[in-house]
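Chain by chain, the residues:
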2 protein chains.
Amino acid sequence: MSITNRQIHLVSRPQGEPRTDNFALVETPVAPLAEGEVLVRNHYLSLDPYMRGRMNDSKSYAQPQPLNEVMIGGTVGEVVESRNEHFKAGDQVVGMGGWQEYQRVNASQRGVLQKVDTTHIPLSAYLGAVGMPGVTAWYGLTQILNPKAGETVVVSSASGAVGGAVGQLAKARGARVVGIAGGPAKCEAVVQELGFDACIDYKAHPDLRSLSKALKEACPDGIDGYFENVGGVILDAVMLRANAFSRIAFCGMIAGYNGEPIPMANPSLILVNRMKLEGFIVSEHMELWPQALKELGTMVATGQFKYRETVAQGLENAPEAFMGLLKGKNFGKQLVKLV
Amino acid sequence: MSITNRQIHLVSRPQGEPRTDNFALVETPVAPLAEGEVLVRNHYLSLDPYMRGRMNDSKSYAQPQPLNEVMIGGTVGEVVESRNEHFKAGDQVVGMGGWQEYQRVNASQRGVLQKVDTTHIPLSAYLGAVGMPGVTAWYGLTQILNPKAGETVVVSSASGAVGGAVGQLAKARGARVVGIAGGPAKCEAVVQELGFDACIDYKAHPDLRSLSKALKEACPDGIDGYFENVGGVILDAVMLRANAFSRIAFCGMIAGYNGEPIPMANPSLILVNRMKLEGFIVSEHMELWPQALKELGTMVATGQFKYRETVAQGLENAPEAFMGLLKGKNFGKQLVKLV
């Protein structure tokens, strides 16, 4: 069987916003499998904001994405050939398959490839609600914000895969949940579909004063927990409304991904309000994934958990879809369908 | 017995740095004791940075200091008259006696006045090493920074009452301890007397680049815990050297006490380094004071714990001593001797 694989490589590091010429579509033949290896046909590719950080050649929590190699990324797909006793053709799996149509991988190492059950949960959900974004939401909410019933939780990027999950998990714990999203359509859906108590359109409140006023109206009892996905002026505005002993979980700071650091205007509020701010990377807490996935999977399978997907068609459209993601063009989980 | 009490009142709110004309010396007669009351002759008055915050009429964790009333402040002294069964003349006590020579107080309420034992610990130490500053250091170090042996802890205001205690408590736990203080004399004493591993003179490193370089040299393995007393450029410099999973305890941000908020330059480091930043007010954790005071008292009584005091003479000199404290003119605990 001679298979041609198509891959997207990073060929130059973006300065500021990524452009299509930072990427290249490359065709490579798939070599025959060695003992222990598995060949997976990737069905969906996950696009996530963290990928922008990896494109920089700078100190961070992870190694930079190497140039002229396939872009990293989470995938779900189906095993088409196996020389590994734990996998057989037809198995549905989730892994880090990268921006490519086929993944040839040594599946002997634990955790490289996980079989999943699609009886009650769609395959694509394992990249979103029941995957890394869902666990990210779960970790930040339960391990850092830990809201009590009646407290107020604010979530930025509320219509994104992580933000939407944060809000629904917080609602399930009895919190008042206020989202922040871009545009009236997203805000309406966050309230109507995802069940948030309110949602603020940050595009309608472009400055600190206006945003702070909107937060005051949406959060009459102040803010007890904030799930941070964006940074910048939104972080400053939330801190101005933070209650004593409030918590901020730092998950992403997308506002600064493309350029210079954006300062925090008033860090003395950390002291004045006895706040706790904590950054986290969900892949460093693998011991909690089973617990998180159990809760998320149950909520998805029973329909308690709502999520949307924005799906780009075809590997060749992955770079453009990724650029759109960074600008908030998606609603919910951004995927690329590869078959 | 007719006693005239002398008090320092706050008569106007300082704009920027406090000035002597923000204060007034007022003489008032001491009224006869009512049932349950105790009259204390204050021996020492504690001056602390938090008092500057109280002078503002703004939202904070505590009520503003009222105008034309005696300034709040911790005191140690001796009971001279008692109509309370739990206290008798001659008892040595610690309390919140304020900027005045005598304190008439209803001592029935628990915690208003505490008897202390000066057999092995000097009376003044109950305002410093074995008082609020010591417990502040203990709380931030043990409950937030929680350093493991071999980790590096950095402390600003290292020659102050809190900073000096933080460093010695961290050393006792096997950490490498680096202080930051103003001027070569203070830095030398922090290393020679208090036993820190190194001390950086921030006056010799006035900008971020220079300070960051000095921190790199003093902390070759990076920074795992930072006890924050000052804010501003020192906070920014420490964050640039912070390790993964490092912690910052926010105790004071004296750099911003007199003016506009000072931004934090690069909050995305909270995420990149998965840091935890936490503000605290030691008076909100009274349940831990006995544990803290036991450790601190033992260390002081056995001579394991070193501290210095800067003592101003006479109540009338309290305002000037306080202004000096805000500028870092003191070494160790700033006291005013009232007898």
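To keep things clear, this report deals only with the structure shown in the data block. Only a predicted model underlies this, so the values are computations on that prediction, with no experimental measurement involved.

Each value, and the rule that gives it
- Residues numbered from 1 in each chain as written.
- Chains lettered and ligands numbered in written order.
- Predicted model: local features only at pLDDT ≥ 70, side-chain atom pairs only at ≥ 80, totals over all residues.
- Heavy atoms only, no water.
- Least-squares fit on C-alpha atoms with pLDDT ≥ 70 in both.
- Contact = heavy atoms within 4.5 Å.
- Pairing = 2+ DSSP bridges.
- Helix = DSSP H or I, 4+ residues; strand = E, 2+ residues; numbered from the N terminus.
- Right-handed = clockwise from strand over helix to strand, strands pointing away.
- Buried < 20%, exposed > 50% of the residue type's maximum accessible area, 1.4 Å probe, protein only.
- Arc of directions from axis to C-beta.
- Salt bridge = Lys/Arg side-chain N within 4 Å of Asp/Glu carboxyl O.

Here we look at the relation of the copies chain B and chain A
Of the transformation superimposing chain B on chain A, the axial component is 0.0 Å and the angular component is 180 degrees, with the fit at an RMSD of 0.0 Å. Accordingly, the operation relating the two chain copies is best matched by a two-fold axis. Looking at chain B, 100% of its interface residues are interface residues in chain A too, so the copies touch through the same face.

Quick notes on the pairing of strand β12 (residues 242-250) of chain B
All names here are of chain B. Direction of pairing for strand β11 (residues 223-228) relative to β12: parallel, over a ladder of five bridges. Looking across to β12, one finds that Glu 228 is bridged to Phe 250. For the crossover that starts at β11, traverses helix α6 (residues 233-240) and ends in the parallel β12, the hand is right-handed. Where β12 and strand β13 (residues 276-279) come together, four bridges link them in parallel fashion. Bridging across to β13, Arg 247 finds its partner in Lys 276.

What to know about helix α4 (residues 184-192) of chain A
Turn by turn, an α-helix covers 3.6 residues, leaving residues three or four places apart pointing in a common direction. Residue and element names in this part refer to chain A. Restricting attention to buried positions, one finds in α4 the residues Lys 186, Cys 187, Ala 189 and Val 190. Taken around the axis of α4, the buried residues stretch over an arc of 165 degrees, which confines them to a single face. Opposite the buried face of α4, by more than 90 degrees, sit the exposed residues Pro 184, Ala 185, Glu 188 and Gln 192.

Points about the pattern of salt bridges
In this structure the tally under the stated criterion is 34 salt bridges over all chains. Between Arg 247 of chain A and Glu 151 of chain A there is a salt bridge whose closest N-O contact spans 2.7 Å. In this pair, Arg 247 of chain A sits in strand β12 (residues 242-250) while Glu 151 of chain A sits in the loop between α2 (132-145) and β8 (152-156), placing the two residues 96 residues apart along the sequence. The class for Arg 247 of chain A is buried, based on a relative accessible area of 12%. Assessed through its relative accessible area of 12%, Glu 151 of chain A is described here as buried. The partner of Lys 327 of chain B in a salt bridge is Glu 17 of chain B, and the shortest N-O contact between them spans 3.3 Å. In this pair, Lys 327 of chain B is assigned in the loop between α9 (318-326) and β15 (333-337) and Glu 17 of chain B in the loop between β1 (4-10) and β2 (23-29), connecting sequence segments 310 residues apart. Owing to a relative accessible area of 48%, Lys 327 of chain B belongs among the partly exposed residues under this scheme.

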